[in-house]
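Chain by chain, the residues:
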2 protein chains.
Amino acid sequence: MKEHISTWFQGLQDRICLSLEQLDTKEKFKEDKWERTVNSAAGSVAGGGGKTRILQNGALLEKGGVAFSAVFGEINQNMQSKLQMPQGDFFATGVSIVLHPNSPHVPIIHMNVRYFEIYDPKTQQTINQWFGGGIDLTPHYINLEDAQFFHQQLKNTCDSYDSESYVKYKKWADDYFYIKHRQETRGIGGIFFDRLSPLAPKGGTMQNTNQENISKNQEKKHTFEEIWAFVQNLGETFAPTYAHIAQKNRHLPFTEQEKRWQMLRRSRYVEYNLIYDAGTKFGLESDGRVESILMSMPPQAQWAYDFKPQKDSQEEKTLNLLKKDVNFLVCSEIVK
Amino acid sequence: MKEHISTWFQGLQDRICLSLEQLDTKEKFKEDKWERTVNSAAGSVAGGGGKTRILQNGALLEKGGVAFSAVFGEINQNMQSKLQMPQGDFFATGVSIVLHPNSPHVPIIHMNVRYFEIYDPKTQQTINQWFGGGIDLTPHYINLEDAQFFHQQLKNTCDSYDSESYVKYKKWADDYFYIKHRQETRGIGGIFFDRLSPLAPKGGTMQNTNQENISKNQEKKHTFEEIWAFVQNLGETFAPTYAHIAQKNRHLPFTEQEKRWQMLRRSRYVEYNLIYDAGTKFGLESDGRVESILMSMPPQAQWAYDFKPQKDSQEEKTLNLLKKDVNFLVCSEIVK
C-alpha cells in the first residue's frame, strides 16, 4: 500500500508542476533527485530519497518549490521528544509545496499531503499508520473575495469527506499556522490535519504500542479508503484553486511601498517556518536534505525594526485580519 | 550586587552606542524603553524591562542593535526543558549587540554579556548565580589578517583572566555558533562561555538545589570579582576591536555579486538565530519583547536554492573556512 501511495504522490507532483508551468508561462521547474544517507545504528535500515523541483525567476513565481519524498528509518530521540512521535521505525512519504510569487497582490501558498507508517523495530510489523495534510494561503494584502473563494474550495473538498471536517480542520489550521511571538496568524489559514488513522480493517487487529501518545488526534471514524480519497482530493484541489487567485491578481499594478510590504510579510513566513513548522523540524531532525527542506524560504525578505503600518492603510487592514477564528466564508460579517 | 551589575551594563550600552555613532558618522541610535508585563501565576512576581537602541541606514551600519535588559520572574516549564534551567525564580540582566554593516567587506558582529541569579521560589534566597557571554564575528568574506587580529584581541582579554580560557571558550564558540543543518560555523567564531559561577564566598554557603543540572559548566575556579572583571573587560573589548576591522575595510569597493553573496550569508545568520540561538529562545520563551529579541535579524536577506560558489572563488574560500577548530591566531597555518 505504501508503494501505491508514494507512486500516487509522485503523479500529483507531476500534475501540479505541469499546471504551475502553464500558469507561469515563462519558466520551467528544474528537478533535483536525491538519495538519503543516514548514519544509523548498526543493523537498522534507513534511506529513501526524493525529487525536489524548483522554478525560479518566472513570470508569476519568483520562487516555487514542489517536493516529493519517501524516506524511512529509525525514529530518533529528537523526533520522539520534539515531534511527539512514538518509538519504532518509520516510513514517510508526501508532497510539499511553497510558492512565492513576484507580485505583492498574489498570495504565498503552501500545501502538504503526507502518509506515515510506524513499525515495531523488532518484528517490523506495522503498528500504526496515518495521513496528514493541509493547505494555507498567505496573502500580502488580504482580499476578502479571494479569501472567501479559497476557503469555499477547501470546504467543498472537506464536505465530500466528512461534514464536520472543514470547521475542525480550519480551526486546526488557525492554531497550527500561528506565529505565537507575533500573535499573528501566518495568513488567512486554510485547513490542517494530522494523524488521521483509519478504522481497523475488518478482521484485522492493528496494534498500537504507544496508544496514548499517538492516538491524540485519531478518531478512527473513517476507513483507510475514505481518508486516502480525501487526501487525494485535497491534493487535486491545490492547482485550480491557486490558478484562479493568481490569474485574477497577477496583472494588478503595484508600488515600491507594496513591494516593501511584501518583503516584510515574507520575513514573518521565515520566522514561522524556522521556529514553528513541524515539517521543517521533521526534515532537520530526520537528517533530510537541507535544500529541499528549506525550499520554503523566500528568495528575499526584509526585517524592519518595530515597523507599524499607517492608520487605516491596506497594510493595517491586513494585519487586523491576521487573527484566529475569522470566518472567511462569510465576508459580509468581516467587513462589519 | 545585581543592581550594581545591571547599572554597569547600562553604562556599557551607553559607551558602545557612543563609539558606534562616532564610527558610523551619519546616523544616531534611537532608543525604545520597554517594560515587561507577564501573566504569571498568582502570587509570583515578574517584570523588568530594558532599553533597545537601533541605528538604521547609517554610513557604516545598515542596521545595528544594542540592547540592555534586566528581567525577572518564574522559570517556566519551557525554559526548564528547552534551556536546561533549574526550577525557581530568576533575575537576568545583560547587553546584546548585533551589527549588520552595509558593505560585504565589513563583517557582522555579535556580542552578549549577561548575569543570572536563581532564587528558591519559597524563601527567595539566591541558590545560584552565573555569568555568560561571548563575541563572534561573521565576515561575508574571510580576511585572514582581520581574523587573526580579532582572535588575538579576544585572547588578550581571556589571558588576563585565566590562561586556559581562550582555548576553552574559543572551542565553546565553535560548538555553539554552529549551523548544524548546514554543517557550517556561523563565521570565524570567537569566544563563548556560560554558567560561570563563582567560588563560594569565604564563610558563605551557596546552596545549589539542582546541582547536577546547573553545575555542568561550573568549574568554580574563580571568585565573583574575577569573573565579573573578565566580563567587564570583554564588554570593553568590543568597540575598539570592531572599529579597527570596520575602518580598515569600509571603503573597499564592492560589486553587485559581492552584495548578493552578503545577502545569502545573512540568510544563514537568520537560520542560526531562529533555529539555534539560546538568547533568542530565552527571549521568546520568557515572553520578552519581540522587537528587541529579533533586532538581530538582518534588514534584508536572500535565499537561493542550492547555491554553489564558483571553484576557487573568494566565496568558496570563505565557505571552506567555515569549520570548527580552525586556529585563526596562526594565519600561516591556514594558508597552507
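See the structure shown above.
Please read all numbers here as calculations on a predicted model, not as lab measurements. (Residues numbered from 1 in each chain as written. Chains lettered and ligands numbered in written order. Predicted model: local features only at pLDDT ≥ 70, side-chain atom pairs only at ≥ 80, totals over all residues. Heavy atoms only, no water.)

Residue and element names in this part refer to chain B. Spatial strand order, β1-β2-β3-β4-β5-β6-β9: 7 strands in an open sheet with antiparallel pairing. Because the sheet does not close on itself, it has two edges, and the strands there are β1 (30-35) and β9 (189-196). Taking the axes of each pair of neighbouring strands and ignoring which way they run, one obtains an average angle of 5 degrees across the sheet. (Pairing = 2+ DSSP bridges. Helix = DSSP H or I, 4+ residues; strand = E, 2+ residues; numbered from the N terminus. Axes fitted to C-alpha atoms, helices over the stretch in contact; angles between N-to-C directions.)

The next subject is the interface of chain B and chain A. The partner chain A presents 27 residues to the 26 residues of chain B that form the contact. Contact between chain B and chain A buries roughly 2700 Å² in total, counting both sides, with carbon and sulfur atoms accounting for 55%. When the buried surface of chain B facing chain A is broken down by residue, E291, W303 and Y305 of chain B rank first, second and third, together holding 30% of it. Between the two partners, chain B and chain A, sit 4 salt bridges. At the junction of chain B with chain A, the criterion picks out 11 residue pairs in polar contact (both at pLDDT 80 or more). For the side of chain B that touches chain A, the secondary-structure elements that each account for two or more residues are β2 (47-56), α7 (256-275), α9 (290-293) and β10 (300-302) of chain B. Considering only residue class, the side of chain B that touches chain A consists of 14 nonpolar, 5 polar and 7 charged. (Contact = heavy atoms within 4.5 Å. Buried area = accessible area lost by both parts, 1.4 Å probe. Salt bridge = Lys/Arg side-chain N within 4 Å of Asp/Glu carboxyl O. Polar contact = N/O pair within 3.5 Å; in protein donor to acceptor, adjacent residues only side chain to side chain. Nonpolar A, V, L, I, M, F, W, Y, C, P; charged D, E, K, R; others polar.)

This part covers helix α1 (residues 2-24) of chain A. Taking 1.5 Å per residue, 23 residues should reach 33 Å; α1 of chain A reaches 33 Å between its end C-alpha atoms and fits that length. Phi for T25 of chain A, located one or two positions after α1 of chain A, is positive at around 75 degrees. (Expected span 1.5 Å × (residues − 1).)

Looking now at the pattern of salt bridges. Applying the stated rule across the entire model yields 41 salt bridges over all chains. Residue D14 of chain B is joined to R53 of chain B by a salt bridge in which the shortest nitrogen-to-oxygen separation is 2.9 Å. Taken together, the residues span a long stretch of sequence, with D14 of chain B in helix α1 (residues 2-24) and R53 of chain B in strand β2 at a distance of 39 residues. Its salt-bridge partner being D175 of chain B, residue K324 of chain B comes within 3.1 Å of it at the nearest N-O pair. Here the residue K324 of chain B occupies a position in the loop between α10 (314-321) and α11 (331-335), and D175 of chain B occupies one in helix α4 (residues 165-176), the gap between them amounting to 149 residues. By relative accessible area, which is 31% here, K324 of chain B ends up partly exposed. Several salt bridges converge on common partners, so that one network encompasses D32 and R289 of chain A together with D306 and K308 of chain B. (Buried < 20%, exposed > 50% of the residue type's maximum accessible area, 1.4 Å probe, protein only.)

Residue and element names in this part refer to chain B. With 12 of 12 residues buried, strand β5 (residues 108-119) is to be regarded as a mostly interior element. Burial along β5 is two-sided: I108, H110, N112, R114, F116 and I118 facing one way and I109, M111, V113, Y115, E117 and Y119 facing the other are all buried. By the bridge criterion, 11 bridges tie strand β4 (residues 89-101) to β5 in an arrangement that is antiparallel. Its bridge partner lying in β5, T93 is registered against Y115. Taken together, β4 and the strand that follows it, β5, pair antiparallel across an intervening segment of 6 residues. In this sheet, strand β6 (residues 126-138) lies alongside β5 in antiparallel orientation, the contact comprising 12 bridges. Of the residues in β6, the one forming a bridge with Y115 is F131. The turn linking β5 back onto β6 is made up of 6 residues, and Q124 within it adopts a positive phi angle of 65 degrees.

Note that every value here comes from positions in space, so none of it alone points to a role or purpose.
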